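# Per-entry structural report
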Amino acid sequence: MKIALLGYGRMGKEIEKIALQRRHEIVLKVSGEESYDISVADVAIDFSIPSAAYQNITNCFQNKVPVISGTTGWLEKYDDAIAVCKEHSGSFIYASNFSLGVNIFFELNKHLSKMMNALEDYKVSMEEIHHTKKLDAPSGTAITLAEGIIENSSKEKWQLETENSSVQQDEIPIVAKRIPDVPGTHVINYDSEVDSIEIKHTAHSRKGFALGAVVAAEWLIGKTGVYTMKDVLNIG
Ligand SMILES: NC(=O)C1=CN([C@@H]2O[C@H](COP(=O)(O)OP(=O)(O)OC[C@H]3O[C@@H](n4cnc5c(N)ncnc54)[C@H](O)[C@@H]3O)[C@@H](O)[C@H]2O)C=CC1
Ligand SMILES: O=C(O)C1=N[C@H](C(=O)O)C[C@H](O)C1
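Residues numbered from 1 in each chain as written. Chains lettered and ligands numbered in written order. Predicted model: local features only at pLDDT ≥ 70, side-chain atom pairs only at ≥ 80, totals over all residues. Heavy atoms only, no water.

The name given to the chain in an unreviewed UniProt entry is 4-hydroxy-tetrahydrodipicolinate reductase, with the source organism recorded as Pseudotenacibaculum haliotis. For the chain, the Pathway (unreviewed entry) comment in UniProt is given as "Amino-acid biosynthesis; L-lysine biosynthesis via DAP pathway; (S)-tetrahydrodipicolinate from L-aspartate: step 4/4." (UniProt positions renumbered as here; feature names shortened; annotations may be inferred.)

Written out as structure tokens, the structure reads:
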């Protein structure tokens, strides 16, 4: 496949390595506001910045180039992007996390929250830890995990815990920690007076995210529509 990398930072470079190992070709690398011709690519992979993702993604739809996006922090425009995708019969996969392990963790989280829903003594909370260069908080993965709990429990929203925040009964508190070089750790905790239940995913590097994105791009080629990593991995 001829791949366009929209965003050539930490993830763009990791994706390049995996793509070349899998005998793909990188035909375009975009790192900023420069204009570019996306039509040279068979597929685009966007790991850019929150303020650029919508423009990058919809440009692909307009030029009939299938696009994978892992950029987080832009989802207030997700529904608009889907409308543009449909208008142009585009092909799209967004995932807050492309790693196989986290996608299994997403399913485990939903299953656990269904079981815990009836047990009022347990209070749910979440912690995510990432490197200090991360622009958004909470992480996209933490938001997806919170949505998985909300779907299956009486919780209605999530709340980022800060010094001044006060968490309401119907909210899931999320603590976001920033520590140098941490690729991504997510913990969900159910705590009662007598015990705690905790599930945790720890990424050891960015390799899993990058491999998932390239596998998703290989899967998307030749298809039209909006898909998720559940479709790609056939899990859940
Ligand atoms: N879904 C997933 O599995 C994962 C998602 N991410 C997300 O991917 C995004 C990128 O993460 P990193 O590579 O760590 O960040 P990074 O900061 O290393 O890379 C972002 C790159 O985007 C470039 N950029 C700036 N404006 C641009 C534009 N208009 N078009 C294209 N590129 C532009 C920057 O120059 C930079 O090189 C973040 O939103 C992060 O949260 C990161 C890891 C996994
Ligand atoms: O910015 C990162 O690094 C990561 N971002 C994603 C997120 O916001 O969930 C995925 C992963 O945790 C790494």
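Here we take up the UniProt feature "binding site: (S)-2,3,4,5-tetrahydrodipicolinate" (unreviewed entry) in the chain. If you check UniProt for "binding site: (S)-2,3,4,5-tetrahydrodipicolinate" (unreviewed entry), the listed places come out as His131, Gly140 and Thr141 in our numbering. Residue His131 is classed as buried on the basis of its relative accessible area, which comes to 11%. Contact partners of His131, with chain neighbours within four places excluded, come to Arg10, Arg178, Ile179, Asp181, Val182 and Arg206. A distance of 3.4 Å separates a polar atom in the side chain of His131 from the backbone nitrogen of Lys134. Positionally, Thr141 belongs in helix α5 (residues 140–151). Among the residues examined, Thr141 registers a relative accessible area of 3% and is labelled buried. (Buried < 20%, exposed > 50% of the residue type's maximum accessible area, 1.4 Å probe, protein only. Contact = heavy atoms within 4.5 Å. Polar contact = N/O pair within 3.5 Å; in protein donor to acceptor, adjacent residues only side chain to side chain. Helix = DSSP H or I, 4+ residues; strand = E, 2+ residues; numbered from the N terminus.)

So, about the packing of aromatic side chains. Evaluation of the coordinates by the stated rule reveals seven aromatic pairs. Aromatic side chains Phe47 and Phe98 sit 5.9 Å apart centroid to centroid with 50° between the ring planes, which places their arrangement in the tilted category. Here Phe98 lies in the loop between β5 (91–94) and α4 (100–116) and Phe47 lies in the loop between β3 (43–46) and α2 (50–62), a separation of 51 residues in the sequence. Judged on exposure class, the residue Phe47 and its partner Phe98 are both buried. One aromatic cluster in this structure is built from Phe61, Trp74, Tyr78, Phe92 and Tyr94. The residue whose ring lies beneath Lys13 is Tyr8, and the NZ or CZ to ring-centre distance is 4.9 Å. Positioned above the aromatic ring of Trp219 is the side chain of Lys223, whose terminal nitrogen or guanidinium carbon lies 4.0 Å from the ring centre. (Phe/Tyr/Trp six-rings, centres within 6.5 Å; stacked < 30°, edge-to-face > 60°. Lys NZ or Arg CZ within 6 Å of the ring centre and 35° of its normal.)

Around ligand 1 sit 24 residues, and of these Arg10, Met11, Ser31, Thr72 and Phe98 come closest. With respect to ligand 1, the backbone of Arg10 contributes an N or O atom lying 2.8 Å from an oxygen atom. Between an oxygen atom of ligand 1 and a main-chain N or O atom of Phe98, the distance comes to 2.8 Å. Burial of ligand 1 by the surrounding chains reaches 83%, relative to a free accessible area of 850 Å². At the level of secondary structure, the elements contributing two or more residues to the shell around ligand 1 comprise α1 (10–21) and α2. Here the shell around ligand 1 is composed, by residue class, of nine nonpolar, 11 polar and four charged. (Near = heavy atom within 4 Å. Areas by Shrake-Rupley, 256 points an atom, 1.4 Å probe, with all protein chains shown as cover. Nonpolar A, V, L, I, M, F, W, Y, C, P; charged D, E, K, R; others polar.)

Another point: the site of ligand 2. What surrounds ligand 2 is a group of 13 residues, the closest being His130, His131, Lys134, Gly140 and Thr141. One of the side-chain N or O atoms of His130 is found 2.6 Å from an oxygen atom in ligand 2. Interatomic distance of 2.8 Å between a side-chain N/O atom of His131 and an oxygen atom of ligand 2. Coverage of ligand 2 by the protein amounts to 86% of the 320 Å² it exposes when considered alone. Of the residues contributing to the shell around ligand 2, the split by class is two nonpolar, nine polar and two charged. For the shell around ligand 2, the two domains that each supply at least three residues are domain 1 (2–98 + 207–233) and domain 2 (100–203). (Domains from an automatic or database assignment.)

On to the UniProt feature "domain: Dihydrodipicolinate reductase C-terminal" (unreviewed entry) in the chain. In this numbering, the UniProt entry assigns the feature "domain: Dihydrodipicolinate reductase C-terminal" (unreviewed entry) to residues 101–233. Along residues 101–233, the helical share is 35% and the strand share 28%, with 11 Å between the first and last C-alpha atoms.

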